[in-house]
Amino acid sequence: MTSSDLGAYLKARRAQVTPEQAGVPSMGHRRVPGLRREEVASLAGVSVDYYVRLEQGRERTPSAQVVEALAVALRLPEDGRLHLFRLAGLSPRARSAAVNDHVDPNLLQLMSAWPNNPAIVYNRAFDVLASNAIADALFHDWAHSRNLMHVVFTEPAARSFYVDWHDVARNSVAGFRLGYGEAPDDPRIRQVLTELLEESPEFARLWARHDARGKALESKCFHHRDVGPLTLSMQTFDVRSSPGQELVVYHAEPASPSSEALSLLGSLAAGARQ
């Protein structure tokens, strides 16, 4: 991680905070979106010169107190705050430089016991390391790619498969940024990042925003070519035995049309295995 990453993140976050959100009087014409450098400096209690040096990468060792003050000034959520601390070199990064591709056999056994709940395990590079049968059916047997970022940004049918594609795209990039901050030297993460920057202008635009946040409880709307519309809630869990891996489990509201569609998808998946 170079000092320019810290500066780029500060600059991008500054552009996302309006004077109204920060409680800063807004008078006259503003040449930049969001806050001015001097406004962030004032809110964080540092000199303008010092803050400018941080953005320009000429200051490399901000204290934890300064980083915390900047996180407050920029109104960062918890994931964004942790990302800022990592960029400043003030929190531990992943121990391993390589993505762990081994999935615990006990976890695989548990996933296979969920015939009506799509479940996947993926790593920081968003490579799907394991999936149960109904997840394979939901994601069309991964015909395009087993990398979720490529599924979202380079799969031609992604915008019809994900009904709320723009929200999915934005959240995916923010999660990928968080993983990149944890292990910026991971060769697989860098490979996926390079591919997406070259192949997807939409990804490049969202990447430039420097959003960083993990997944939480949410729902996604799909339109599956075999069973039609599906609205599924999802739960995300860190895999404690393999840092950097996450387990995602989808489920439908009981007795809903989506539950019926998911049951049908499970039946199709079971039939395909026979």
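Reading guide: rules and limits
Residues numbered from 1 in each chain as written. Predicted model: local features only at pLDDT ≥ 70, side-chain atom pairs only at ≥ 80, totals over all residues. Heavy atoms only, no water. 1 Å grid on protein atoms, 1.4 Å probe; cavity = no way out; pocket = protein on both sides within 12 Å on 5 of 7 lines; lining within 4 Å. Points joined across faces, edges and corners; volume = space filled by probe spheres on them. Helix = DSSP H or I, 4+ residues; strand = E, 2+ residues; numbered from the N terminus. Nonpolar A, V, L, I, M, F, W, Y, C, P; charged D, E, K, R; others polar. Buried < 20%, exposed > 50% of the residue type's maximum accessible area, 1.4 Å probe, protein only. Pairing = 2+ DSSP bridges. Axes fitted to C-alpha atoms, helices over the stretch in contact; angles between N-to-C directions. Phe/Tyr/Trp six-rings, centres within 6.5 Å; stacked < 30°, edge-to-face > 60°. UniProt positions renumbered as here; feature names shortened; annotations may be inferred. Arc of directions from axis to C-beta.

1. Quick look at the layout of surface pockets
Counted as a void, the second largest pocket has a volume near 250 Å³. Secondary structure elements with two or more residues in the lining of the second largest pocket: helix H10 (158-161) and strand S3 (218-224). Grouping the constituent residues of the lining of the second largest pocket by class yields 7 nonpolar, 6 polar and 2 charged.

2. A few points about the environment of serine 4
Take serine 4: it is sitting in helix H1 (residues 3-16). Relative accessible area serves as the criterion here: at 45%, serine 4 is assigned to the partly exposed category. Here the alpha-carbon distance between serine 4 and threonine 194, two residues 190 residues apart in the chain, equals 18 Å.

3. Here we look at the sheet that holds strand S4 (residues 228-238)
An order of S2-S1-S5-S4-S3 is seen for the 5 strands of this open sheet, with the pairing classed as antiparallel. Edge positions in the sheet fall to strand S2 (128-131) and S3, since each of these pairs with one other strand and no more. Strand after strand, the sheet turns through a mean of 30° between neighbouring axes, direction not considered. Looking at chain direction, strand S1 (residues 119-122) and strand S5 (residues 246-251) are connected through 4 bridges and run antiparallel.

4. Some points on the packing of aromatic side chains
Scanning all chains against the criterion turns up 16 aromatic pairs. Centre to centre, the rings of phenylalanine 139 and phenylalanine 161 are 5.7 Å apart; their planes meet at 65°, and the pair counts as edge-to-face. Here the residue phenylalanine 139 occupies a position in the loop between helix H8 (133-138) and helix H9 (148-153), and phenylalanine 161 occupies one in helix H10, the gap between them amounting to 22 residues. Both rings, one in phenylalanine 153 and one in tryptophan 165, keep their centres 5.9 Å apart while their planes meet at 75°; by these two values the pair is edge-to-face. Of this pair, phenylalanine 153 sits in helix H9 while tryptophan 165 sits in helix H11 (residues 165-182), and the two are 12 residues apart along the sequence. For phenylalanine 153, a relative accessible area of 9% translates into the label buried. Judged by its relative accessible area of 5%, tryptophan 165 is buried. Feature note: the residues Tyr122, Phe126, Phe153, Trp165, Phe176, Tyr180, Phe203 and Trp207 constitute an aromatic cluster, connected by ring pairs.

5. Here we look at the UniProt feature "domain: HTH cro/C1-type" (unreviewed entry) in the chain
Taking the UniProt record as the reference, the feature "domain: HTH cro/C1-type" (unreviewed entry) is found at residues 34-81. The straight-line gap between the two end C-alpha atoms of residues 34-81 is 18 Å; of that span, 65% is helix and 0% is strand.

6. Overview of helix H5 (residues 64-73)
Among the residues of H5, Val66, Val67, Leu70, Ala71 and Ala73 are the ones counted as buried. All buried residues of H5 lie within an arc of 165° about the axis, which places them on one face of the element. With respect to the buried face of H5, the exposed residues turned more than 90 degrees away are Gln65 and Val72. In the stretch just after H5, arginine 75 is the one whose phi turns positive, near 55°.

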